[in-house]
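Reading the structure
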Amino acid sequence: AFDPAAYANDTVEAVAIQPDGKILIGGSFTVVNGVTRNRIARLNANGTLDATFDPGAGFNNTVLAIAVQADGRFLVGGSFGRYQNIDRPYLVRLLSDGSFDASYLIGTGPNNWVGTLTLQADGRLLLGGTFTTIDGQPAPRLARRLTTGAADGTFNPGTGANGEVH
């Protein structure tokens with residue numbers, strides 16, 4: 001029943017399933033199935049492009065990771081600096097329709113790209129990448145955020161990773 005008729009014109013780096021079975025894809029592509037979709041798109045459960053998901057201007061650089069929350073909102077990490085022409089370097093939360101979620105408060109965010117995202121059972125977000133700070137605070141390539149986007153002060157990765165975290 002799955003026919004991936006939707007194709008991307010460049011690399012797909014991230015795939016995530018929403019609670020409703022729809023499939024989010026992210027990467028360096030700018031077109032999916034002939035439709036402009038700057039680095040993020042959503043497919044229906046059968047593999048066709050979901051035309052109801054329109055990210056507008058989308059991302060200005062590569063999406064490397066997507067993590068879907070139980071409520072349908074999702075977090076996106078990558079090497080981008082903007083989403084829908086809004087400055088939001090490397091990490092952003094979107095509503096289920098693809099619009100920017102301004103309620104996720106990460107301050108100035110990571111100082112370099114985010115390459116992996118994982119949601120814990122309690123909703124806190126683990127992230128890794130090449131960043132060394134988040135909001136100007138030390139975060140040596142590993143960090144954890146609360147459900148609000150704020151730093152989790154109980155998470156201490158010590159000196160962190162000595163290289164990129166994917």
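Residues numbered from 1 in each chain as written. Predicted model: local features only at pLDDT ≥ 70, side-chain atom pairs only at ≥ 80, totals over all residues. Heavy atoms only, no water.

**Comments concerning the overall build of the protein**
Broken down by element type, the protein carries zero helices and 15 strands. In summary, the protein has a C-alpha radius of gyration of 15 Å against a globular reference of 15 Å for 166 residues, a match within 12%. Along the longest, intermediate and shortest principal axes, the C-alpha atoms of the protein span 45 × 30 × 25 Å. Each of the 166 residues in the protein was classed as buried or not, and the buried ones make up 43%. Sequence-distant contacts, at least 24 apart, represent 36% of the contacts inside the protein between residues at least 6 apart. Split by element, the accessible area of the protein, about 7,500 Å² in all, is 51% carbon and sulfur. One finds the centroid of the 12 positive side-chain charges in the protein at a distance of 5 Å from the centroid of its 14 negative side-chain charges. (Helix = DSSP H or I, 4+ residues; strand = E, 2+ residues; numbered from the N terminus. Rg over C-alpha atoms; globule rule 2.2 N^0.38 Å. Buried < 20%, exposed > 50% of the residue type's maximum accessible area, 1.4 Å probe, protein only. Contact = heavy atoms within 4.5 Å. Areas by Shrake-Rupley, 256 points an atom, 1.4 Å probe, with all protein chains shown as cover. Lys, Arg positive; Asp, Glu negative; His and termini not counted. Charge placed at Lys NZ, Arg CZ, Asp CG, Glu CD.)

**Observations regarding the packing of aromatic side chains**
To describe a pair of aromatic rings, one takes the distance between the centres and the angle between the planes. Using the criterion set out here, one finds three aromatic pairs in the structure. On the basis of an interplanar angle of 40° and a centroid distance of 6.3 Å, the ring pair of F53 and F74 is categorised as tilted. Of this pair, F53 sits in the loop between β5 (40-43) and β6 (63-68) while F74 sits in strand β7 (residues 74-78), and the two are 21 residues apart along the sequence. F74 carries the same exposure label as F53, and that label is buried. Seen from their ring centres, F59 and Y83 are 4.4 Å apart, and the 40° between their planes marks the pair as tilted. Highlighted residues: F59 in the loop between β5 and β6 and Y83 in strand β8 (residues 82-83), separated in sequence by 24 residues. Look at Y83 and you get buried, because its relative accessible area is 0%. Joined through ring pairs, the aromatic side chains of F59, F80 and Y83 make up one cluster. (Phe/Tyr/Trp six-rings, centres within 6.5 Å; stacked < 30°, edge-to-face > 60°.)

**Brief notes about the layout of surface pockets**
Computed from the structure, the largest pocket encloses a volume of approximately 210 Å³. Forming the walls of the largest pocket are 15 residues, and the residues nearest its centre are P138, A139, A151, D152 and F155. Examining the composition of the lining of the largest pocket, we find that four residues originate from one element, strand β15 (residues 142-145), more than from any other. Considered class by class, the residues forming the lining of the largest pocket number nine nonpolar, two polar and four charged. (1 Å grid on protein atoms, 1.4 Å probe; cavity = no way out; pocket = protein on both sides within 12 Å on 5 of 7 lines; lining within 4 Å. Points joined across faces, edges and corners; volume = space filled by probe spheres on them. Nonpolar A, V, L, I, M, F, W, Y, C, P; charged D, E, K, R; others polar.)

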